[in-house]
Amino acid sequence: MMPRLTLLVVLLASFLPAGAAQDDPKTAARTELNAGVQAFRQANYEEAVGHFEQAVALDPEFVTAHLYLATAYAQTFVPGVDTPENVVWATKAFNEYQEVHQLKPYDVISFKGIAYLEFQLKNFDQAKESYQKAIAVDPNDPELFYAAGVADWSMAYRAIAAEKAKLSAKAQDSLFLSRGCADARAAVQADVNDGMAMLTKAVSLREDYDDAMAYLNLLYRLRADVQCGNKEAHAADLKKANEWADMAMAARKKKADAAAARTGQDSTPAPPPR
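About the criteria used
Here the residue numbers are simple positions, counted from 1 along each chain's written sequence. In view of the model being predicted, local features appear only for residues whose pLDDT reaches at least 70, and side-chain atom pairs are presented and counted only at 80 or more, with totals across whole chains, interfaces and linings using the full set of residues. Hydrogens and water molecules were not included; the side-chain quantities draw on all heavy atoms of the structure. Angular values range over 0 to 180 degrees, each being the angle between N-to-C directions of two axes fitted as lines to C-alpha atoms, with helices fitted over their stretch in contact. Numbering of helices and strands runs from the N terminus; a helix is a DSSP stretch of H or I covering at least four residues, while a strand is a stretch of E covering at least two. Any angle that falls under 35 degrees is termed roughly parallel, while one over 145 is termed roughly antiparallel, one within 65 to 115 roughly perpendicular, and all others oblique. Definitions for this section: a left-handed crossing has its near helix turned counterclockwise from the far helix by less than a right angle. A right-handed crossing has that turn clockwise. Here a residue-residue contact requires only that any non-hydrogen atoms of the pair lie within 4.5 Å. Gly is placed with the polar residues, together with every amino acid not listed as nonpolar (Ala, Val, Leu, Ile, Met, Phe, Trp, Tyr, Cys and Pro) or charged (Asp, Glu, Lys and Arg). What counts as a salt bridge is simple: a side-chain nitrogen of Lys or Arg found within 4 Å of a carboxyl oxygen of Asp or Glu. Classification of residues uses two cut-offs on accessible area relative to the type maximum, computed with a 1.4 Å probe and protein chains only: under 20% is buried, over 50% is exposed, and between them is partly exposed. To estimate the expected span of a helix, count its residues, drop one, and scale the result by 1.5 Å. What the arc covers is the set of directions going from the helix axis to the C-beta atoms. In this description, a nonpolar core means a group of buried Ala, Val, Leu, Ile, Met, Phe, Trp, Tyr and Cys residues linked to one another through side-chain atoms lying within 4.5 Å.

A. Highlighting the packing of helix 1 (residues 25–41) against helix 3 (residues 63–76). Interhelical geometry of helix 1 versus helix 3 gives an angle of 25° and a closest axis separation of 11 Å. Viewed along their axes, helix 1 and helix 3 adopt a mutual orientation that is roughly parallel. Helix 1 and helix 3 meet at a crossing whose hand is left-handed. Every residue of helix 3 that contacts helix 1 at Leu 33, Val 37 and Phe 40 is listed here: Thr 64, Ala 65, Tyr 68, Thr 71, Ala 72 and Gln 75. The residue inventory of the contact of helix 1 with helix 3, partitioned by class, reads six nonpolar, three polar and no charged.

B. Molecular detail of the packing of helix 7 (residues 142–164) against helix 8 (residues 181–205). It is the contact of helix 7 with helix 8, at a shortest axis distance of 8 Å, that shows an interaxial angle of 155°. In terms of orientation, helix 7 lies roughly antiparallel with respect to helix 8. The interaxial crossing formed by helix 7 with helix 8 has left-handed handedness. Counted together, Pro 142, Phe 145, Tyr 146, Ala 148, Gly 149, Asp 152, Met 155, Ala 156, Ala 159, Ile 160 and Glu 163 of helix 7 and Ala 184, Ala 187, Val 188, Asp 191, Val 192, Asp 194, Gly 195, Met 198, Leu 199, Lys 201, Ala 202 and Leu 205 of helix 8 form the full contact between these two elements. For the contact of helix 7 with helix 8, the residue count by class is 16 nonpolar, two polar and five charged.

C. Molecular detail of the pattern of salt bridges. Under the defined criterion, the tally for this structure stands at 17 salt bridges. The shortest N-O distance in the salt bridge between Asp 152 and Lys 128 comes to 2.8 Å. Placement of Asp 152 in helix 7 and of Lys 128 in helix 6 (residues 124–137) is noted, with a sequence separation of 24 residues between them. Neither Asp 152 nor Lys 128 differs from the other in exposure class; each is buried. Two residues, Arg 223 and Asp 237, come together in a salt bridge whose shortest N-O distance is 2.9 Å.

D. Up close: the side chain of Glu 163. Positionally, Glu 163 belongs in helix 7. Judged by relative accessible area, Glu 163 falls into the buried class, the value being 12%. If we skip the residues at most four places from it in the chain, Glu 163 touches Leu 175, Gly 180 and Ala 184.

E. Helix 2 (residues 45–58), seen in detail. Relative to the 20 Å expected for 14 residues at 1.5 Å per residue, helix 2 spans 20 Å between its end C-alpha atoms, a close match to the ideal helical length. Within the sequence span of helix 2, burial applies to Ala 48, Val 49, His 51, Phe 52, Ala 55 and Val 56. Buried residues in helix 2, looked at end-on, bunch into an arc of 165°, giving them a common side. Exposed residues lying more than 90 degrees from the buried face of helix 2 are Glu 46 and Ala 57. Looking at the buried residues of helix 2, the elements they touch are helix 1 and helix 3.

F. Up close: the nonpolar core. Tyr 131, Tyr 146, Leu 199, Ala 212, Tyr 215, Leu 219 and Val 226 are the most contacted members of the largest nonpolar core, which totals 46 residues. Per-element tally for this core: the top contributor is helix 7, with eleven residues. Grouped together as the second largest cluster of nonpolar side chains are 29 residues, Ala 29, Phe 40, Tyr 68 and Ala 93 included.

Laid out in structure tokens, this is it:
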């Protein structure tokens, strides 16, 4: 499952003391930002939004304030609720992230924020594009490669699910033997291959990245679905999927054992999806 983005980012900024003179708009903007951060930390998001909006009004070039305002808008947005009232918060967040890009074109936090919102709105191709932009700025972050790989899996899964929906319930497990397999393969091959590359890179950057391993398992299962009559390739992909599932399980167990050793408790993780 795609983990929710940690919306309250840690931003490096130097704030002036609260008691500083208020006749300077930039000083006042920083005071508003500080007040907004305090409200945000207390989950008073409406109050936080008001302070952040005032901060950017006082100092339109204050990048940190725009980032916090975008973050507050994104926090107010509820994923999976497609009402106009809810989606407007995503739109507001997008607009603030775009303001950041005008002021700081290669800001990785705003790329991540936009990608997260696009993913939650199920615009997976646009989410992938934003993750790729973030990767160009920070090519050593395994979570960016993981997120891009999950976007690839989401697009491929959606396309294969649509093709399976055309089959009878009994035949859905045999897509690779159906007449529609070639069309399904053409639709998903690029996403599957790219997703595998992204997730493999994530594992290379973080050797115990069990979530990335679990999605590699799922991508190999999708590729098995579109091997189109090639039973050997189908079986090989399922074998590889099982290997990644086992590696994910082992990595999770290792983490659980380490955590249990720290707390003195026994812990057994759930197996990854197959």
